[in-house]
Amino acid sequence: MSPKKSRSRKTAARRLASRSRPRGKAQPRARSVAGAKVPPEMQLVNVYLTAKDPDRLVAFYEQAFGFKKKFAMPGPDGKTMHAQVLHGNCTVMVGAENPQMNAKAPSTLGGSPVTTYVYVKNVDALARQARAAGANIVGDPTDQFYGDRCCAIVDPEGHIWCFATHQRLVPLDQMHP
């Protein structure tokens, strides 16, 4: 068989196979970033927060920060063991405390040394929304020397969040606190 006939048979087989696939929304595919396969709505580096009560924390993120709940997965006891929320195209994962993994919430540990830095369209509006939802605002929106306007919030589990609206690019040689 000639190479040309072989190619045309393969093309016909592909066309036939594509007709038999179910129509509708295509499944999202992983993409390659820096050589790693990354699922849709995930980044190379993702935030995974531990909570005593993941459901309460997800509800707080929805109300205070405007995040959108993707899903919550129950564990063997019926309580949520893992959940995910979206902010734009980024996923924040929330998991229940897990002694086997030494995963503890900041509220169990007495605080957190980690701050999650998040860009938003309007940090002043987010701070008002978060305050109305009962958030602990530990730093009101303020213009920073590096060009962002930021506020700092501690969530009910003790995670520290810095929300920012980028206002201007500042060259490194002009950044002075």
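For the structure given in this document, a descriptive report is provided here. (Residues numbered from 1 in each chain as written. Predicted model: local features only at pLDDT ≥ 70, side-chain atom pairs only at ≥ 80, totals over all residues. Heavy atoms only, no water.)

1. A word on the pairing of strand β10 (residues 160-166)
- In terms of residue burial, β10 counts as a mostly covered element, since 5 of its 7 residues are buried.
- The pairing of strand β7 (residues 115-119) with β10 spans 5 bridges and is parallel. What sits directly across from Val-118, in β10, is Phe-163. (Buried < 20%, exposed > 50% of the residue type's maximum accessible area, 1.4 Å probe, protein only. Helix = DSSP H or I, 4+ residues; strand = E, 2+ residues; numbered from the N terminus. Pairing = 2+ DSSP bridges.)

2. A word on the sheet that holds strand β3 (residues 47-51)
- Read across the sheet, 4 strands follow the order β3-β6-β5-β4 without closing on themselves; strand pairing throughout is mixed. Each edge of the open sheet is held by one strand with a lone partner, namely β3 and β4 (68-74). Sheet twist, expressed as the mean angle between neighbouring strand axes with direction ignored, is 20°.
- Along the sheet face, helix α2 (residues 54-65) touches β3, β4, β5 (80-87) and β6 (90-96) and points at about 150° away from the line of β6. (Axes fitted to C-alpha atoms, helices over the stretch in contact; angles between N-to-C directions. Contact = heavy atoms within 4.5 Å.)

Any functional reading would require information that these geometric values do not contain.
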